[in-house]
Each structure stands twice: as C-alpha cells, then as structure tokens.
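These are the residues of each chain, in order.
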Amino acid sequence: MRNSVRVIVYVDDVNDEAPVFTQQQYSRLGLRETVGIGTSVTVVRATDRDTGDGGLVVYRLLAGSDGKFEIDGSTGLLTTINYLDYETKISYTMNVSATDQAPPYNRGFCTVYITLMNEPDEVVQFSNSTYEAMIIENIATGTEVLRVQARSIDNLNQLTYRFDQNTNAQALALFKIDKITGTITVKGLVDREKGDFYSLTVVADDGGPKLETTLVQISVLDENDNSP
C-alpha cells in the first residue's frame, strides 16, 4: 500500500553573484573643455541577480579622475566637480567599481573613457608686448613698416589682426594692417611737420572670447623738404 504527500522546498538566497556592468567600457567623446562644474558626463549601470542587500549595488570611482569627476554611488551618474582644460589633459580613463551590500561584498568593474574637445578659450599671445619702428617722412605708400605676430595656444582658428577702434584717427589714415599676416604698411602721405610720432593698438583675434592687444609705436624721421 502507498500514500503520498506534497513537499515544498524554499531556497534561501546566498550572496554568490557579483555585479555585472551593462558595458565593460563607457565612453564620452568630445566633452567640451568649457563645461561648468556639475555637468553630467555619462551614466554607468550594473545589475546583481542576488536578492536583498546582495542585489543592491553601490558605485565608486577607483582611479583616473584626477579630481575632475565624481560618481553618484546610487545612480552611477558621473559628473564634473572641477574645471577642465584641454591644454592640460585631453583624455581621462577611469576605473569604476560596483559593490553589492552583503557579505562577501562582491564587486564588478568597468572603465570610463572621456576625451575633451578643444575650444578657443586661451588668451592669444603676441611675440612682443610693444613694437617700435622708424620711418622717414614722404615714404612711398605701400611700404612695409613692420610686422606683428601672435600665436594662440588653442591653435584652432586662423588668427586675424586689426587696429583697435579707439586708435587715433590720424594714425588710421596713414597706416593699414593686413588682417592675415599682421603686416603694417603705409597708405597715406606721411609728413613729419604734421606728426612725428604715432601709436597704434593692434588686436589679435582667434575667434574666442579672450582677445589680446599690443602697442605699435612709429617714429617719423625728418627729411629736408621745406624751403626757408
């Protein structure tokens, strides 16, 4: 003779699974170097098949942030905590861990790769703070006086040169500047008896917000061109 009974077995979970990231590497390419503090960069995500605290994941930045980024331990959101500078460092590779919250505290790992985008945010620099030249009066129009030269650390756009709008009108009537080469030439009749010294302010512009100026001082030498 036989009889039977139904037996129900409940399986208790043991924290034996490690968190697994959805990607082994997360990338953010071309992050603007001028972004402000608190800018969202990317989000990492890991899952753990265990239940309870064994399935609860906390994120942590292990290395590579250089004090520029932080990660939210609960959401995996990576944000900036300091200003970035392409001229100092152009890319970051960070190691991130995800740790479950029950013994033996299993961990998973991933990397976050970030590249910065160069922007015209650096000051343009002239080779000289002041330029000086001497010319003789009645010099032929089109004659080159001197050439100013500047450089941009960003090196993104073509530098252009121009006279500052507040430059003396008489000086602007006598001289012109090539916007590409920075060469200053004579465009009017130079008469020492009307003016023996001219000061021109030159602006160099690379398209960014930070302009730079230099001073060009031109002295006019006398020529014996007047009768008693």
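Residues numbered from 1 in each chain as written. Predicted model: local features only at pLDDT ≥ 70, side-chain atom pairs only at ≥ 80, totals over all residues. Heavy atoms only, no water.

The name an unreviewed UniProt entry gives the chain is Cadherin domain-containing protein, with Staurois parvus as the organism. The UniProt entry for the chain carries the following comment under Subcellular location (unreviewed entry): "Membrane". (UniProt positions renumbered as here; feature names shortened; annotations may be inferred.)

Engineer: It is not clear to me how unusual backbone geometry should be interpreted in this structure. Could you clarify?
Structural biologist: Note on backbone geometry: most residues besides glycine have negative phi, and most peptide bonds are trans. Across the junction of proline 103 and proline 104, the peptide omega takes the value 5°, indicating a cis bond. The backbone of asparagine 138 shows a phi angle near 65°, a positive value even though the residue is not glycine. With respect to the secondary-structure elements, asparagine 138 resides in the loop between strand E11 (130-136) and strand E12 (144-147). Classification of asparagine 138 as partly exposed rests on a relative accessible area of 34%. (Helix = DSSP H or I, 4+ residues; strand = E, 2+ residues; numbered from the N terminus. Buried < 20%, exposed > 50% of the residue type's maximum accessible area, 1.4 Å probe, protein only.)

Engineer: Can you help me understand the UniProt feature "domain: Cadherin" (unreviewed entry) in the chain in this one?
Structural biologist: Annotation from UniProt places "domain: Cadherin" (unreviewed entry) at residues 23-126 and 127-228. Summarising residues 23-126: 0% helix, 50% strand, and an end-to-end C-alpha distance of 47 Å. With 6% helix and 43% strand, residues 127-228 has end C-alpha atoms that lie 45 Å from one another.

Engineer: How should the sheet that holds E11 be read in this particular structure?
Structural biologist: Note on sheets: strands pair through backbone hydrogen bonds, and any given pair is parallel or antiparallel. If you trace the four strands from one edge of the open sheet to the other, you get E11-E18-E17-E14, paired in mixed fashion. This sheet does not close on itself; its edge strands, each paired only once, are E11 and strand E14 (160-163). Averaged over all pairs of adjacent strands, the angle between their axes in this sheet comes to 30°, without regard to strand direction. Direction of pairing for E11 relative to strand E18 (residues 212-221): parallel, over a ladder of seven bridges. In the sheet register, methionine 134 faces E18, and the bridge partner there is serine 219. (Pairing = 2+ DSSP bridges. Axes fitted to C-alpha atoms, helices over the stretch in contact; angles between N-to-C directions.)

Engineer: Could you clarify how one ought to interpret the sheet that holds strand E3 (residues 40-43) in this entry?
Structural biologist: Strands sit in the order E3-E7-E6 across an open sheet of three strands; the sheet is antiparallel. Sheet topology places E3 and strand E6 (69-71) at the edges, where each strand pairs with a single neighbour. Between one strand and the next, the sheet's axes are offset by a mean angle of 20°, whatever the strand orientation. Pairing of E3 with strand E7 (residues 77-80), which is carried by three bridges, proceeds in the antiparallel orientation.

Engineer: How do you make sense of the pairing of strand E16 (residues 183-186) when you look at a structure like this?
Structural biologist: On any regular strand, side chains alternate: one points to one face of the sheet, the next to the other face. The two faces of E16 match: Thr183 and Thr185 on one face and Ile184 and Val186 on the other face are all buried. Sheet topology places E12 next to E16; three bridges connect them, and they run antiparallel. Residue pairing in the sheet places arginine 147 in a bridge with threonine 183 of E16. Following strand E15 (residues 175-177), the chain reverses through five residues before pairing antiparallel with E16; glycine 182 in that reversal takes a positive phi of roughly 80°.

Engineer: For this particular structure, what's the right way to read the packing of aromatic side chains?
Structural biologist: Each pair of aromatic rings is reported with the distance of its centres and the angle of its planes. For the coordinates displayed, the defined rule picks out five aromatic pairs. With a centroid separation of 6.1 Å and 50° between ring planes, the pair formed by phenylalanine 21 and tyrosine 59 is classed as tilted. Residue phenylalanine 21 is found in strand E1 (residues 20-21), and its partner tyrosine 59 is found in strand E5 (residues 57-63); the two are separated by 38 residues along the sequence. Phenylalanine 21 sits in the buried class, given a relative accessible area of 6%. Judged by centre distance (6.3 Å) and plane angle (50°), the ring pair of phenylalanine 126 and tyrosine 161 falls under tilted. (Phe/Tyr/Trp six-rings, centres within 6.5 Å; stacked < 30°, edge-to-face > 60°.)

Engineer: What is the right way to look at the environment of alanine 63 in this model?
Structural biologist: Structurally, alanine 63 is set in strand E5. Between the C-alpha atom of alanine 63 and that of alanine 98, which follows or precedes it by 35 residues, the distance is 14 Å. Once residues lying within four places of it in the same chain are set aside, the contact partners of alanine 63 are Thr93, Met94 and Asn95. (Contact = heavy atoms within 4.5 Å.)

Engineer: Help me understand the nonpolar core, please; the structure alone is not making it clear to me.
Structural biologist: General note: in soluble globular proteins, nonpolar side chains tend to be found buried as a group. The biggest cluster of nonpolar side chains holds 27 residues, and the ones touching the most others in it are Val145, Val148, Tyr161, Phe175, Ile184, Val202 and Val216. In terms of residues, this core owes the most to one element, strand E17 (residues 197-205), which gives four residues. Discounting residues that sit within four places of it in the chain, valine 216 has contacts with Tyr131, Leu146, Val148, Ile184, Tyr198, Ser199, Leu200 and Val202. Counting 22 residues, the second largest nonpolar core, distinct from the first, contains Tyr26, Tyr59, Leu61 and Val96. (Core = buried A, V, L, I, M, F, W, Y, C linked by side-chain atoms within 4.5 Å.)

Engineer: Help me understand a nonpolar patch on the surface in this model?
Structural biologist: On the surface, a nonpolar cluster with roughly 480 Å² of combined accessible area is contributed by Val5, Val7, Val9 and Val11. Along the chain, the position of valine 11 falls in the segment before E1. The exposure class assigned to valine 11 is exposed, which follows from its relative accessible area of 76%. (Patch = residues over 30% accessible without salt bridge, like charges linked within 9 Å, V, L, I, M, F, W, Y side chains within 5 Å. Areas by Shrake-Rupley, 256 points an atom, 1.4 Å probe, with all protein chains shown as cover. Salt bridge = Lys/Arg side-chain N within 4 Å of Asp/Glu carboxyl O.)

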